[in-house]
Amino acid sequence: MPPQGRIEVRDNYCKGCEICVDACPQGVLELAPERLNIKGYHPVELIEQGCTGCGICAIVCPEAALIVYREVKSRSQ
Amino acid sequence: MENVTMEEQLVYDRPESMASVQTHYCPGCTHGVAHRLVAEVIDEMGIKDNMIGVASVGCSVFAYNYFDFDFVQAPHGRAPAMATGVKRVLPHRFVMTYQGDGDLASIGMGEIVAAAARGENITVIFLNNANYGMTGGQMAPTTLPGQKTSSSPGGRDVEVAGFPIRTAEMLATLDGAGYVVRRSLHDPKNIRMAKKSIRLAFETQKHGLGFSLVELLSTCPTNWGLTPVQALKWVEDAMIPYYPIGDYKVNPALKELKI
Ligand SMILES: Cc1ncc(C[n+]2csc(CCOP(=O)(O)OP(=O)(O)O)c2C)c(N)n1
Ligand code: SF4
Ligand code: SF4
Ligand code: SF4
Ligand SMILES: [Mg+2]
């Protein structure tokens, strides 16, 4: 199974530039069609399952608008 | 018995050295990527409280609002001179200028050459977006042959306007330069390489190895008349062939560093 992840978007920093949408290897990002942020941009959002938490969207984002999480195995006795 | 459970790990969040404000940059402008990388490196080195930035004139004139550390603002092209003064008075602070190509390679060309020749122990982040972004996309010394801008509507004619200047290569010839490289901000691999170089530039300063400069190929989607994604492609297809990614001067001591 590929690693599981998710992102959170700091909506008010996003400018809807779509660079992350284009760069996401899983194609799970889109601009929210019916939501606007405080500056009048459509912020990006996860549209379906399949985010791996690879972090590529955060690496290309000019606004540092994205928070990325990934699930990892933790072992305990 | 060993239990394996899944637990969520933070992969990325906004660096602390970035102020909690929205920037005025156009959507998709990679000035923002450069800001982010600088802030990440400063966080990782733990030098935020020891930093002094010098903002220049151009779209990045408000850089002092976007980083959460001390900043001053220099007249057009004069950031290396101001940084020289700051660094000589406060040699234990990390001093960085952040300059565009119009600022650094046009009106400020004399300042940057002299600072590099003197081997000033400062770090220069040099954003090359092949035009004067702030004032409406006029031709800069870095504008490519044939490139259309608001002041070269027929494309840059090298017979009249001369040839674009490869700043990194030129400054690397000066003995005072410790670290001079060119990187690009157009894709994840190149952005990672750019971050590593920004780190090495600050390490150059930390170890007193002289002048350091990272030239970053950057987009100006607004004045280029392209979408942000098309602009990234234009960096790759048009800019990199003229401005190759490369290490033009690396002080041998940097190769020994373990980071
Ligand atoms: C002494 C002086 N001359 C001219 C200007 C007008 N001016 C403002 S920004 C700029 C060019 C900035 O271009 P660049 O450094 O490439 O920055 P960019 O906006 O492209 O990031 C010019 C010529 C000025 N502010 N001061
Ligand atoms: S972390 Fe990777 S898979 Fe998930 S949204 Fe970002 S780019 Fe796509
Ligand atoms: S790259 Fe950043 S600013 Fe651009 S759409 Fe994605 S989250 Fe928004
Ligand atoms: S004018 Fe160009 S360089 Fe300036 S913020 Fe807009 S896209 Fe960036
Ligand atoms: Mg410029």
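Residues numbered from 1 in each chain as written. Chains lettered and ligands numbered in written order. Predicted model: local features only at pLDDT ≥ 70, side-chain atom pairs only at ≥ 80, totals over all residues. Heavy atoms only, no water.

Draft legend 1. Molecular detail of the overall build of chain B. Helix and strand counts for chain B come out as 11 helices and eight strands. Over its C-alpha trace chain B gives a radius of gyration of 18 Å, about what one expects of a compact globule, namely 18 Å for 259 residues. Reported as C-alpha extents along the three principal axes, the dimensions of chain B are approximately 75 × 45 × 35 Å. Counting all 259 residues of chain B, 55% fall into the buried class. A fraction of 69% describes how many contacts in chain B between residues 6 or more apart in sequence connect residues 24 or more apart. Carbon and sulfur atoms make up 55% of the accessible area of chain B, which amounts to about 10,600 Å² in all. Averaging the coordinates of the 23 positive side-chain charges in chain B and doing the same for the 26 negative ones gives two points 4 Å apart. (Helix = DSSP H or I, 4+ residues; strand = E, 2+ residues; numbered from the N terminus. Rg over C-alpha atoms; globule rule 2.2 N^0.38 Å. Buried < 20%, exposed > 50% of the residue type's maximum accessible area, 1.4 Å probe, protein only. Contact = heavy atoms within 4.5 Å. Areas by Shrake-Rupley, 256 points an atom, 1.4 Å probe, with all protein chains shown as cover. Lys, Arg positive; Asp, Glu negative; His and termini not counted. Charge placed at Lys NZ, Arg CZ, Asp CG, Glu CD.)

Draft legend 2. Representation of the site of ligand 3. Lining the immediate environment of ligand 3, one finds C14, K15, G16, C17, E18, C20, V44, C61, P62, E63 and L66 of chain A. Its residues assigned to classes, the shell around ligand 3 shows seven nonpolar, one polar and three charged. (Near = heavy atom within 4 Å. Nonpolar A, V, L, I, M, F, W, Y, C, P; charged D, E, K, R; others polar.)

Draft legend 3. The arrangement of the coordination of the magnesium ion (ligand 5) in detail. Residues and elements named next belong to chain B. Around the magnesium ion (ligand 5), the protein contributes the donor atoms D101 (OD), N129 (OD1) and N131 (O), which lie 2.0 to 2.2 Å from the metal centre. Along the chain, the residues that donate to the magnesium ion (ligand 5) are spaced as D-x27-N-x1-N. Across the pair, exposure class does not vary: N129 and N131 are buried alike. (Donors = N, O, S within 2.8 Å, 3.2 Å for Na, K, Ca; no water.)

Draft legend 4. Summary view of the sheet that holds strand 2 (residues 51–55) of chain B. All names here are of chain B. Pairing within the open sheet is mixed, and its seven strands lie in the order 3-2-4-5-7-6-8. Single-partner strands in this sheet number two, and they are strand 3 (70–73) and strand 8 (246–250). Averaged over all pairs of adjacent strands, the angle between their axes in this sheet comes to 15°, without regard to strand direction. The pairing of strand 2 with strand 4 (residues 94–100) spans five bridges and is parallel. Considered in strand 4, the bridge of A55 is made with Y98. Lying on the sheet, helix 1 (residues 31–45) is in contact with strand 2, strand 4, strand 5 (123–128) and strand 7 (211–217); it crosses strand 4 at an angle near 170°. Sitting on the sheet, helix 8 (residues 188–206) is in contact with strand 2, strand 4, strand 5, strand 6 (177–184) and strand 7, with an inclination near 165° to strand 6. (Pairing = 2+ DSSP bridges. Axes fitted to C-alpha atoms, helices over the stretch in contact; angles between N-to-C directions.)

Draft legend 5. Highlighting the site of ligand 1. All names here are of chain B. Around ligand 1 there are 16 residues in total, and C59, D101, G102, D103 and G133 lie nearest to it. In this structure, an oxygen atom belonging to ligand 1 sits 2.7 Å away from a main-chain N or O atom of G102. Between M134 and ligand 1, the recorded distance is 2.9 Å, taken from a backbone N or O atom to an oxygen atom. Within the complex, the protein chains bury 72% of what would otherwise be the 600 Å² of accessible surface of ligand 1. Here the shell around ligand 1 is built from residues that sort into five nonpolar, nine polar and two charged. (Polar contact = N/O pair within 3.5 Å; in protein donor to acceptor, adjacent residues only side chain to side chain.)

Draft legend 6. Quick peek at the pairing of strand 4 of chain B. Residues and elements named next belong to chain B. Most of strand 4 is tucked away: seven of the seven residues are buried. Taken together, the five bridges between strand 4 and strand 5 define a ladder with parallel strand orientation. Considered in strand 5, the bridge of T97 is made with V124.

Draft legend 7. Inspection of helix 5 (residues 109–117) of chain B at higher detail. Residue and element names in this part refer to chain B. For helix 5, the complete set of buried residues consists of M109, I112, A115 and A116. All buried residues of helix 5 lie within an arc of 140° about the axis, which places them on one face of the element. One or two residues past the end of helix 5 sits G119, with phi positive at roughly 70°. (Arc of directions from axis to C-beta.)

Draft legend 8. Structural view of the pattern of salt bridges. All names here are of chain B. Enumeration over the complete set of coordinates arrives at 19 salt bridges over all chains. For E120, the salt bridge goes to R88, with nearest N and O atoms at 2.5 Å. One end of the pair, E120, is in the loop between helix 5 and strand 5; the other, R88, is in helix 3 (residues 79–89), with 32 residues separating them in the sequence. By relative accessible area, which is 56% here, R88 ends up exposed. Through salt bridges that share partners, R36, E40, E44 and K195 make up one connected network. (Salt bridge = Lys/Arg side-chain N within 4 Å of Asp/Glu carboxyl O.)

Draft legend 9. Looking closely at unusual backbone geometry. Unlike most non-glycine residues, A64 of chain A shows phi in positive territory, near 50°. Position of A64 of chain A relative to the elements: it lies in the loop between helix 2 (56–60) and strand 4 (66–76). Backbone geometry at A130 of chain B places phi at a positive 60°, although glycine is not the residue there. Here A130 of chain B lies in the loop between strand 5 and helix 6 (158–161). Exposure remark for A130 of chain B: the relative accessible area of 0% places this residue in the buried category.

Draft legend 10. Structural view of the side chain of N129 of chain B. Residues and elements named next belong to chain B. Locating N129 in the fold gives a position in the loop between strand 5 and helix 6. Look at N129 and you get buried, because its relative accessible area is 6%. Among residues more than four places away in sequence, those in contact with N129 are H31, D101, S218, T219, C220, W224 and M239.

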